[in-house]
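# Observations on the three-dimensional arrangement
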Amino acid sequence: MEQIPPPFTVDSSSCSFFYNSSLDVSSDKNGSSAFLPFKNVPYYFSIHPYVPLSSFPLSVNLQFSGDGCDISPLTYYNGSECTSNVTGTLLAGSHSFNVPVPTTWYRFSVGPNVGAITISASAPDGPVELVLRHGASPSSAIHDGKGQFINLNYPQPGIWFIEATKLASTSGYVTIDITTVQCSPDKGGPACAIPVTSVATGTAFLKETLLPPSINYYQYSSSEPLLVTIRSYNGPSPLILVSLNQLPTLDNALAKGCNQEYCTYTSSFQLDVTLMNSSWFIGVSAPRDYNGSVVNYGIWFGSSCPPSCQPEQGVCGEGEETGICRCRYGKEGLDCSEDAPMGREYLVLITLASILVVSFALSVSVPLKLNPKSFYD
């Protein structure tokens, strides 16, 4: 779904799975492999050489192994094979049903901008353990939630799978309750109390304030591909977090950081995909190691350079200065729209000029009108 970033921005922090064969001492660099525990969601791959391509020809043979599951509401990959043992699909509310075996599986859907989900289970003859996972089969080792009562904040939209096990190891009735907190478009988060600002291509806010550890959120619902750029007034640029149909956090964001070639002075993130009936949620967060109390920044959408950077005020930079509006004389600000205060050097010149004018005036002789009579007296 996202634009493939340049090689130097690909690392373990920006990818779901990251494997570098040049760091694998067991690899002879003529062949390498990695095991990736996939979920039932789309993945995109990029392969980058560990040496410049000009050094020698590069031949890549990419092979995938494993089952390819049919697209079916009740079929999924359980980690070793395709299975259709999902009993059914659940909706929000209370469900009571007979479990013929100690363990059974269900699925349910989470829609856009759901602040939180709560799932609980009970049985008349003993406790029930739930194991929950987004987009894939859950297990005791790999899951997104486990227990008789599970509360998840910022749940990812899509299909979730539930494994319900009666700890008494007997068949019988089980009750599962699912509660969702649906937020309005301008709010989000567990209690739907976090404000979200709606934006589109061309939107720019040049004087935003971030108070760490909080995150500022924006919702981009335009039919045009997403391009968001931020630049800080004080210190390094904040971190861009991106998620689809959900508020991103440092832990659950689908993507984060800068995926453009130049990220020195500004941070930009671009997604070359057009959405229908969906929204990108963008979060602006201070880096994890940031120790300051406030971050002042500007954010704009649809361009690398501020959209209000006009030729009579400034010029958009190139190369390493991509995203910077280079101000002309007498202008300042992220888009060079503000009048710059007079600098110290100009105040000194004005003061010197004033002194010279006064000195010149005092040095000029003043003509006197003499009374002729005085000469004779």
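What comes next concerns the included structure. Since this is a predicted model, take the numbers as computed values, not measurements.

### Describing the overall build of the protein
Helix and strand counts for the protein come out as two helices and 25 strands. In the protein, buried positions account for 35% of the 377 residues. Considering only contacts within the protein whose residues lie at least 6 apart along the sequence, 65% involve residues at least 24 apart. As displayed, the protein has an accessible area near 21800 Å², and 56% of this comes from carbon and sulfur atoms.

### A few points about the state of the cysteines
Disulfide: a covalent bond formed between the sulfur atoms of two cysteine residues. Taken as a whole and judged by the stated rule, the model has five disulfides. The residue that forms a disulfide with Cys 183 is Cys 192, at a sulfur-sulfur distance of 2.1 Å. On the sign convention where negative is left-handed, the bridge of Cys 183 and Cys 192, at about -85 degrees about the S-S bond, is left-handed.

### Brief notes about the pattern of salt bridges
Summed over the entire model, instances satisfying the criterion amount to four salt bridges. Between Lys 166 and Asp 125 there is a salt bridge, and its shortest N-O distance comes to 3.0 Å. One end of the pair, Lys 166, is in strand E10 (residues 158-166); the other, Asp 125, is in the loop between strand E6 (114-122) and strand E7 (128-134), and 41 residues separate them in sequence. Lys 166 sits in the buried class, given a relative accessible area of 2%. Its salt-bridge partner being Arg 326, residue Glu 321 comes within 3.8 Å of it at the nearest N-O pair.

### Considerations on the sheet that holds strand E8 (residues 145-147)
Ordered by their spatial adjacency, five strands build an open sheet running E3-E5-E10-E7-E8, and the pairing between neighbours is mixed. Both outer strands of the open sheet, strand E3 (86-90) and E8, are each paired with one neighbouring strand and no more. Pairs of neighbouring strands in the sheet enclose a mean axial angle of 20 degrees, with direction left out of account. With three bridges connecting them, E7 and E8 associate as antiparallel partners. Considered in E8, the bridge of Val 131 is made with Lys 146.

### Let's talk about the environment of Leu 211
Note that Leu 211 resides in the loop between strand E14 (204-210) and strand E15 (216-220). For Leu 211, the residues in contact, after removing those within four places along its chain, are Ser 293 and Val 294.

### Some words on the sheet that holds strand E18 (residues 255-256)
On the basis of which strands lie adjacent, the open sheet formed by six strands has the order E12-E13-E15-E20-E17-E18 and mixed pairing. This sheet does not close on itself; its edge strands, each paired only once, are strand E12 (187-188) and E18. Inspection of the sheet shows strand E13 (residues 194-199) paired to E15 by four bridges, in the parallel sense. Across the sheet, residue Val 196 finds its bridge partner in E15, namely Tyr 217.

### Quick look at the pairing of strand E5 (residues 103-110)
Looking at chain direction, E3 and E5 are connected through four bridges and run parallel. What sits directly across from Leu 90, in E5, is Phe 108. Bridge count between E5 and E10: eight bridges; the pairing is antiparallel. Across the sheet, Thr 104 pairs through a bridge with Ala 164, a residue of E10.

Scoring rules and cut-offs
- Residues numbered from 1 in each chain as written.
- Predicted model: local features only at pLDDT ≥ 70, side-chain atom pairs only at ≥ 80, totals over all residues.
- Heavy atoms only, no water.
- Helix = DSSP H or I, 4+ residues; strand = E, 2+ residues; numbered from the N terminus.
- Buried < 20%, exposed > 50% of the residue type's maximum accessible area, 1.4 Å probe, protein only.
- Contact = heavy atoms within 4.5 Å.
- Areas by Shrake-Rupley, 256 points an atom, 1.4 Å probe, with all protein chains shown as cover.
- Disulfide = S-S within 2.5 Å.
- Salt bridge = Lys/Arg side-chain N within 4 Å of Asp/Glu carboxyl O.
- Pairing = 2+ DSSP bridges.
- Axes fitted to C-alpha atoms, helices over the stretch in contact; angles between N-to-C directions.

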